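Understanding the architecture of this molecule
One-letter residues, chain by chain:
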Amino acid sequence: MNATLDYIQKNKSRFLDELLGLLRIPSISADPKFKGDVARTADAVADSLREAGCSKVQVFATAGHPIVYGEHIIDPGMPTVLVYGHYDVQPPDPLDLWESPPFEPVIKKTAIHPDGAIFARGSCDDKGQFFMHVKAFEAMVQTRTLATNVKFMIEGEEEVGSVNLGTFCRENKEMLSCDMVLISDTSVIANDTPSITVGLRGLSYVEVEVTGPNKDLHSGVYGGAVANPAQVLCDMIASLKDKNKHITIPGFYDDVQELTPAERAAMNMAPFSKKDYLTSLGIEDTMGEAGYTVLEQTSIRPTVEVNGIWGGYIGEGAKTVLPSKAFAKISMRLVPNQQSDKITKLFQKHFESIAPAGVKVTVRPHHGGEPVVTPSDTPEYKAAALAMNDAYGKEPIPVRGGGSIPIVALFESVLGVKTVLMGFGLDSDDIHSPNEHYGLFNFYKGIETIPAFFSHYARLKAGK
Ligand code: BES
Ligand code: MN
Ligand code: MN
C-alpha cells in the first residue's frame, strides 16, 4: 500500500494536469451543439484508460452520446469491480454568474477549501470524481498492487437521464458482469467528517403547458374576464402543496416507506448545523414539510419542485399583455418504494383534473429514475468504510442522499449487483450551479482512498 501511496504522491501534479485537460472540453450532453465535444471527451477518457493500464478499451456509439468501456482482468476467478461514472456535464448557464469561464479551469482557495479548489463545470460532477478512479487504478497497476479485476463504464448521458445506458447494459450483460459497482458521484458530509451514501432519491420530471386564449391579448381590454394562463399555472402549482408543505396529489404518498423513529433518530445524529446551512445559502429560514428535519426533507421525503417557469412578456420595461400560454418544468424527487412511472401518471392525471374552465393543460413526461437504498452490511460497504477510515482516520457515517443517479436501480435489476456510493465532493461544491468546484484535498483524498478500498474488498471477498 505504501508503494501505491508513494506513486500517487510522486505523480500528483501530473494527475491534476490531466484532469484539467478533460475539464477544458465542454461535454454538455443536453445541448446538441456540443455533440462533437462530447464525443471528443469520450475519446479522451478512452485514451486515459488505455494509458492507465486497461488491457481492453472501447468507445461504444449509442443512439445518443458514446459510452466508454475499459477493463483489466487479472484473473477471471477473482472478484470484479465495475467502476461507473459520467464524463458529461450540466449546461453552465447562467454564464454571467461565473467568476471564471466554466471550461477554463482555475485553482482558487476558499474558506472550505484552504488547499485550493478547481473551478470548472464538471470538476466535481463528475469528471474530477471518476478521474480519481482512473488515477488510483494507474497507481495500483504501476505498483502491482491491484488484487481484483476492474471494469470501467464511463457514460456521456447521465445528466440527461442515462436514456441509452439501460439498453446498453441489457445488451452487454456478459461484458459488464461483475460482483459490485463502485461510484464516486456523491458527497461526504465534510472534509473532516467522511460519509458513505446509502440511498438516492428517484425522479419524475414533467413539462406542463397551460393554454388560454388563441393569441396574446391586451391585458386591459381583456384582463379581468379571460383566464390568464400564467396566473392559472401559478395557482395550479401553488395548490400542489398544503400549508404544511405536504403534497396534495392524490395517492402521491401511498408507496412512501416511513422510517421507524429509531432510524430517524439515527440519521439525525449526523452532524448538521441549521444555522450554517442558512448562512451559506443567504436565507433566513427553510420552508420544508412540517414534522421533518432538513436532513430528512432532503433525503427520505419526496418533493415537488418548479425548476423553471415562463410565459408572457419578460423583456425590458412593461408590456401590457395577457399571454396565450405559460409553461413550467416540474421535478419530483422520489423515495422508496415510489415508482417513477406511477408518480408521473398520478401527477398528469391530477394536474389535468385541476385545470379550470377557460384553459387547456398538457403534461409531457421527461426522463425519470427509481430511488435506491444500498445495503451497509455487505463486504462491499465494509471495504468502503475501512478504506475511508484508513484515509480520513475516522469511521464514515452512512447517509441517504437527496440527488438521483437513475442507473443505480438498473445495475441491481439488470446486472443483479449492488452499488457502493463512495463519493468525495461536498454539498457546497456548487454542482449544477455557477462556479462549480472540487477541492484538491478531495481529489487527492479520493485517489488515496480507492486503492485501500480495492485491497480491503479483495481481502474480505477472499474471506480473510
Ligand atoms: N451526481 C449527481 C447526483 C447526486 C449529487 C447525488 C449529489 C447525490 C448527491 C448526478 O450527476 C445528477 O445530477 N443527477 C441528476 C439526475 C439526472 C436524471 C439528471 C439529478 O439528481 O438531478
Ligand atoms: Mn453526477
Ligand atoms: Mn449532475
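Let me begin by describing the structure that accompanies this report. (Residues numbered from 1 in each chain as written. Chains lettered and ligands numbered in written order. Predicted model: local features only at pLDDT ≥ 70, side-chain atom pairs only at ≥ 80, totals over all residues. Heavy atoms only, no water.)

Digging into the coordination of the manganese ion (ligand 2)
The manganese ion (ligand 2) binds to the protein through His 86 (NE2), Asp 125 (OD), Asp 185 (OD) and Asp 185 (OD); the donor distances cover 2.0 to 2.3 Å. For the manganese ion (ligand 2), the six donor atoms in the first shell make angles of 57 to 166° at the metal, a pattern classed as irregular. In primary-sequence terms, the residues that donate to the manganese ion (ligand 2) follow H-x38-D-x59-D. Taken as a pair, the manganese ion (ligand 2) and the manganese ion (ligand 3) show a spacing of 3.6 Å, with Asp 125 coordinating each metal. Residue Asp 125 is located in the loop between strand E5 (117-119) and helix H3 (127-142), and its partner Asp 185 is located in the loop between strand E7 (180-183) and strand E8 (187-188); the two are separated by 60 residues in the primary sequence. For the pair Asp 125 and Asp 185, one class covers both residues: buried. (Donors = N, O, S within 2.8 Å, 3.2 Å for Na, K, Ca; no water. Tetrahedral: all angles 85-135°; square planar, octahedral: opposite > 155°, others 65-115°. Helix = DSSP H or I, 4+ residues; strand = E, 2+ residues; numbered from the N terminus. Buried < 20%, exposed > 50% of the residue type's maximum accessible area, 1.4 Å probe, protein only.)

What to know about the packing of helix H1 (residues 2-23) against helix H13 (residues 440-461)
Two elements in contact, H1 and H13, have axes whose closest approach is 11 Å; the angle formed by their N-to-C orientations is 135°. Comparing the axis directions of H1 and H13 gives the class oblique. Handedness of the H1/H13 crossing: right-handed. Touching Thr 4, Leu 5, Ile 8, Lys 12, Ser 13, Phe 15, Leu 16 and Leu 19 of H1 are Leu 440, Phe 443, Tyr 444, Ile 447, Glu 448 and Pro 451, all from H13. Class assignment of the residues belonging to the contact of H1 with H13 gives a composition of ten nonpolar, two polar and two charged. (Axes fitted to C-alpha atoms, helices over the stretch in contact; angles between N-to-C directions. Parallel < 35°, antiparallel > 145°, perpendicular 65-115°, else oblique. Left-handed = near helix turned anticlockwise from the far one by under 90°. Contact = heavy atoms within 4.5 Å. Nonpolar A, V, L, I, M, F, W, Y, C, P; charged D, E, K, R; others polar.)

Some words on unusual backbone geometry
Cis peptide bonds are those with omega within 30 degrees of zero, and the linkage from Asp 93 to Pro 94 qualifies with 0°. Along the chain, the position of Pro 94 falls in the loop between strand E3 (80-86) and strand E4 (106-108). A cis geometry characterises the amide bond from Asp 125 onward to Asp 126, with omega recorded as 0°. Inspection of the secondary structure puts Asp 126 in the loop between E5 and H3. In this model, Arg 144 sits at a positive phi of 55°, which is unusual for a non-glycine residue. With respect to the helices, strands and loops of the structure, Arg 144 is situated in the loop between H3 and strand E6 (149-155).

Here's the deal with the pairing of E7
Burial of the side chains of E7 extends over both faces: Met 180 and Leu 182 are buried on one face and Val 181 and Ile 183 on the other. Here E3 runs beside E7; their pairing, made up of four bridges, is parallel. Looking at the pairing, Val 83 lines up with Leu 182 of E7. With three bridges connecting them, E7 and strand E18 (residues 419-421) associate as parallel partners. In the sheet register, Val 181 faces E18, and the bridge partner there is Thr 419. (Pairing = 2+ DSSP bridges.)

What about H3?
With 16 residues, H3 ought to run about 22 Å at 1.5 Å a step, and its terminal C-alpha atoms sit 22 Å apart, in line with that. Summarising burial for H3: 14 of the 16 residues are buried, a large majority. Just beyond H3, the residue with positive phi is Arg 144, at close to 55°. (Expected span 1.5 Å × (residues − 1).)

Observations regarding the environment of His 65
Following the sequence through the fold, His 65 ends up in the loop between strand E1 (56-60) and strand E2 (67-72). Classification of His 65 by relative accessible area gives buried; the value is 7%. Apart from the residues within four sequence positions on either side, His 65 is in contact with Ser 29, Lys 35, Val 38, Tyr 87, Gly 156 and Glu 157.

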